[in-house]
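Commentary on secondary and tertiary structure
Spelled out, the chains give:
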Amino acid sequence: MQPQPNTLYSAVNSVSDSVDVSPIAKICGEPLLEIPQDLYIPPDALEVFLDTFQGPLDLLLYLIRKHNLNILDIPMAELTLQYMTYVDMMRVDQLELAAEYLLMTALLIEIKSRMLLPTPKTEMEEEHDPRAELVRRLLEYEQMKKAASRLNELPQAERDFTVIQVWIEQNVAEQLPNINLDDLRHAWTTILTRAKVNRHHQVKREMLSVRAYMSQVLRDLRGQEQVEFYDLFSPTATAAEVVVTFLAILELAKELLLEISQSQDFGIIYVRSIDAAESA
Amino acid sequence: MSAQSTPPNQPDALDSLTPEKTSKILEAALLTTQEPLPINELRKLFNHELSAALLSKILEEIREKWRDSGVELVTVASGWRFQTKAEIQPYLDRLTPQKTLRYSRAIMETLAIIAYRQPVTRGDIEEIRGVSVSSSVLKTLTTRGWIEAVGHRNVPGKPALFATTSQFLDDLNLRTLEELPPLEEMRSLIESSDNHQELPFSAPEASDR
Amino acid sequence: MSAQSTPPNQPDALDSLTPEKTSKILEAALLTTQEPLPINELRKLFNHELSAALLSKILEEIREKWRDSGVELVTVASGWRFQTKAEIQPYLDRLTPQKTLRYSRAIMETLAIIAYRQPVTRGDIEEIRGVSVSSSVLKTLTTRGWIEAVGHRNVPGKPALFATTSQFLDDLNLRTLEELPPLEEMRSLIESSDNHQELPFSAPEASDR
């Protein structure tokens, strides 16, 4: 009995039905369309055979379902001989698989031998049918094989559909830590505390505004050869601001950060950043 | 001392949110995130001030609006997401011709056993399949994010117990494991013509998940 | 045998591609990738059988269609892509609340020194802190736009003088540097502690969240 190639495919590759399936293989140029009908595998087809079936359970299931093989009527003697031949060949690089097939053969032979032994009627009720465990395993495997096939038919991300992912245009600057005045105060007190503890550092009374204006004056001078003294004072400055700006200029001069020059008495006073003067 | 800097774009006050704008925001959020978004996450968009029921209603409207496009709004295990329809995929595949995401039978059978019998050890899987399970099979499934070790069985060797992840459900468009195709009853393997007594074996119960 | 070898969804023959379907495919392709797609890449979707001019025309139609949504189709240097509109960003930000980010102690102390002692050089900061200041600390503060070099001190090596910027004041909701917590107040805190051996500050590490 020669199964039609089509039924053969669906039987052997039921999982791959919905997937891409190439012909089973070509052996010596001949396409292999047949799956062996008993447990004997021609040596040259062995590799293909190993690819086609997932293991001894898979093969046995196939033989039972497609060829109505009666697991009781397997010609054990002949089969064993055949199996031993290719197990020898498989041993080279498929040792583990060879062992699994061998184990299956042994199991089948055991079942057969136990079935052949006459069993006293009384014992029959207690003792399990020797086929029970194998049948249970075959059915469970078949069920999972079928489930795998159904699972494979479900739509699958990336294979059957793609998840939408639109670019988020980051128009807001990358998230950065925010600080508040308490953080700053905390940092400063930590420094002071440590300075006090470590070095008995004298904390000077500091006119903060002078420091701020020192920065501003340096900013105004930045990139300029020199600036007229009066230009450093904002026309809208309050009296206090003028004083503080003046103090800032003096402080900068003292710290040698800027140079104040006047070429003649009552002439224009120029202020230049020493930085600029040096690099010019 | 509240010196927090304010972001350049301040979200509207809730009362100025028109239904259209609400819908636009929901749609944009779902279009931009690859991970499915559950309703509760979507409520964050509106500082939890819109009810889950209202959002569900709007989401259904969005789903309806997209019906005729190449993209659909679906619900999966972890929430709502947009994805392309199957009919579009063959075209998209042309952009990335090298990708082949078809899994071997060994992988699919292993996956099925884990999905339907979880949690299981590698030994359990080998017992069912009748062959050893290669590490690469488990690695492929783990890397894909479909299975994970959820514990260890308290037997010698402490083998890892594998289960499927919510990513697995998401990637198969499922909301729960119950939506997996039901297990089928298998035909008895022993012919009734068999002279021997009929054996009372049936397939393992389908409900045995 | 051909039944199995064809994928489940075969792309339509070109002649059966309606303008609507062409548009649907383009739209879906652009929605699935964050990378901009140049026209030439988009032509692959149709096996290069549709002209660049035709695709450009359809893309313009898609752009028009999306005009009122929270997402827009734009052309950037390397091609076409969908991206969110600025008005949606504040809502999306709510989905990914940043863990409260904090600057390191080194950064905060450096900033405090620059704020209160400006203009100062790196050497000044190191002297006050008693430890060296890494370049990355100054870089972080410069990048943030909170400090800038306003000149150089005329000593060997010409070290840069750092000062705080107006951005720093803005970000702290201050109008002027005078609004910083006064040093006086803090000094009294420290001095009052002189009476006791114990300082009223918890260990810097502990309070340095």
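Residues numbered from 1 in each chain as written. Chains lettered and ligands numbered in written order. Predicted model: local features only at pLDDT ≥ 70, side-chain atom pairs only at ≥ 80, totals over all residues. Heavy atoms only, no water.

A count of helices and strands for chain B gives 8 helices and 4 strands. Each helix and strand of chain B, placed in order from N terminus to C terminus, yields the pattern α-α-α-β-β-α-α-α-α-β-β-α. Partitioning the intrachain contacts of chain B with sequence separation of at least 6 by distance along the chain shows that 47% fall at a separation of at least 24. Total accessible area computed for chain B in this model is approximately 10200 Å², and 51% of it derives from carbon and sulfur atoms. (Helix = DSSP H or I, 4+ residues; strand = E, 2+ residues; numbered from the N terminus. Contact = heavy atoms within 4.5 Å. Areas by Shrake-Rupley, 256 points an atom, 1.4 Å probe, with all protein chains shown as cover.)

Glancing now at unusual backbone geometry. Put simply, Gln 118 of chain B and Pro 119 of chain B share a cis peptide bond, and its omega is -5°. Mapped onto the elements of the fold, Pro 119 of chain B is located in the loop between helix H5 (105-117) and helix H6 (122-129). For Asn 47 of chain C, which is not glycine, the phi dihedral falls at a positive 50°. In this fold, Asn 47 of chain C is placed in the loop between helix H3 (39-43) and helix H4 (52-65). Its identity is not glycine, yet His 48 of chain C carries a phi of approximately 60°, on the positive side.

What follows covers the interface of chain B and chain C. Counting residues at the interface gives 38 residues for chain B, matched by 36 residues for chain C. Among the residues of chain B in contact with chain C, Tyr 91, Arg 94 and Leu 95 of chain B are the three that bury the most area, contributing 22% of the side total. Counting across the chain B and chain C interface gives 2 salt bridges. The residue Glu 87 of chain C makes a salt bridge to Lys 24 of chain B at a minimum N-O spacing of 3.5 Å. At the boundary of chain B with chain C, the tally comes to 5 residue pairs in polar contact (both at pLDDT 80 or more). Within the residue set of the side of chain B that touches chain C, elements represented by two or more residues are helix H1 (19-32) and helix H4 (89-93) of chain B. Looking at the side of chain B that touches chain C, the element that brings in the most residues is H1 of chain B, giving 8 residues. Classifying every residue of the side of chain B that touches chain C by side-chain character gives 18 nonpolar, 10 polar and 10 charged. (Buried area = accessible area lost by both parts, 1.4 Å probe. Salt bridge = Lys/Arg side-chain N within 4 Å of Asp/Glu carboxyl O. Polar contact = N/O pair within 3.5 Å; in protein donor to acceptor, adjacent residues only side chain to side chain. Nonpolar A, V, L, I, M, F, W, Y, C, P; charged D, E, K, R; others polar.)

What follows covers the sheet that holds strand S3 (residues 227-228) of chain A. Residue and element names in this part refer to chain A. Strand order in the open sheet made by the 3 strands is S3-S5-S4, with antiparallel pairing throughout. In the strand order of this sheet, the two ends are held by S3 and strand S4 (258-262), each with one partner. As paired strands, S4 and strand S5 (residues 269-273) are joined by 5 bridges and run antiparallel to one another. Each residue of the ladder has a partner; that of Glu 259, found in S5, is Arg 272. (Pairing = 2+ DSSP bridges.)

So, on to the packing of H5 of chain B against helix H7 (residues 135-143) of chain B. All names here are of chain B. It is at 10 Å that the axes of H5 and H7 come closest, and there the two elements cross at 65°. By the angle between their directions, the pair H5 and H7 is classed as roughly perpendicular. Remark: the crossing between H5 and H7 carries right-handed chirality. Residues Ala 106, Ile 107, Thr 110, Leu 111 and Ile 114 of H5 form the contact with H7, whose participating residues are Val 137, Leu 138, Thr 140 and Leu 141. Of the residues that constitute the contact of H5 with H7, the class distribution is 7 nonpolar, 2 polar and no charged. (Axes fitted to C-alpha atoms, helices over the stretch in contact; angles between N-to-C directions. Parallel < 35°, antiparallel > 145°, perpendicular 65-115°, else oblique. Left-handed = near helix turned anticlockwise from the far one by under 90°.)

So, on to H6 of chain B. By the burial criterion, the buried members of H6 of chain B are Ile 125, Ile 128 and Arg 129 of chain B. The arc that holds the buried residues of H6 of chain B, viewed along the axis, is 90°, so those residues lie on one side. (Buried < 20%, exposed > 50% of the residue type's maximum accessible area, 1.4 Å probe, protein only. Arc of directions from axis to C-beta.)

The subject of this paragraph is the environment of Glu 241 of chain A. Residues and elements named next belong to chain A. Looking at where Glu 241 falls in the secondary structure, it is placed in helix H10 (residues 239-254). Taking the C-alpha atoms as reference points, Glu 241 and Tyr 213, separated by 28 residues in sequence, lie 8.8 Å from one another. With near-sequence residues (within four places) excluded, Glu 241 lies in contact with Tyr 213 and Thr 236.

As a further point, take H4 of chain C. Residue and element names in this part refer to chain C. Along its 14 residues, H4 runs 20 Å from first to last C-alpha, staying within 8% of the 20 Å computed at 1.5 Å per residue. Residues Leu 55, Ile 58, Leu 59 and Ile 62 constitute the buried set of H4. When H4 is viewed along its axis, its buried side chains cluster within an angular range of 105° and face the same direction. On its buried face, H4 sits against helix H2 (19-32), H3, strand S1 (71-76) and strand S2 (79-84). (Expected span 1.5 Å × (residues − 1).)

Further remarks concern the pattern of salt bridges. Opposite charge on two side chains allows them to pair when their charged atoms are near. Across all of its chains, the model carries 37 salt bridges over all chains by this definition. Glu 148 of chain C is the partner of Arg 219 of chain A in a salt bridge, and the nearest nitrogen-oxygen pair spans 2.5 Å. Pair noted here: Arg 219 of chain A is in helix H9 (residues 208-221) and Glu 148 of chain C is in strand S3 (residues 147-152), and the two residues belong to different chains. Assessed through its relative accessible area of 18%, Arg 219 of chain A is described here as buried. Judged by relative accessible area, Glu 148 of chain C falls into the partly exposed class, the value being 21%. Each of Asp 58 and Lys 145 of chain A together with Arg 105, Glu 109 and Arg 129 of chain B takes part in a single network of salt bridges with overlapping partners.

Relative to the elements of secondary structure, Arg 43 of chain B occurs in helix H2 (residues 39-43). One buried charge, Arg 43 of chain B, has no salt-bridge partner; the nearest side chain with opposite charge is Glu 49 of chain B, at 9.2 Å. (Lys, Arg positive; Asp, Glu negative; His and termini not counted.)

Attention shifts here to the packing of aromatic side chains. All chains considered together, the criterion is met by 10 aromatic pairs over all chains. Ring geometry for Trp 146 of chain B against Phe 168 of chain B: centres 6.0 Å apart, planes inclined by 75°, an arrangement best described as edge-to-face. A residue pair is termed long-range when its members are at least 10 positions apart, and Trp 146 of chain B in the loop between H7 and strand S3 (147-152) and Phe 168 of chain B in helix H8 (residues 166-171) qualify at 22 residues. Trp 146 of chain B gets classed as buried once you look at its relative accessible area, which sits at 0%. Measuring from centroid to centroid gives 4.5 Å for Trp 66 of chain C and Phe 82 of chain C, while their planes differ by 50°, and the two rings are tilted. (Phe/Tyr/Trp six-rings, centres within 6.5 Å; stacked < 30°, edge-to-face > 60°.)

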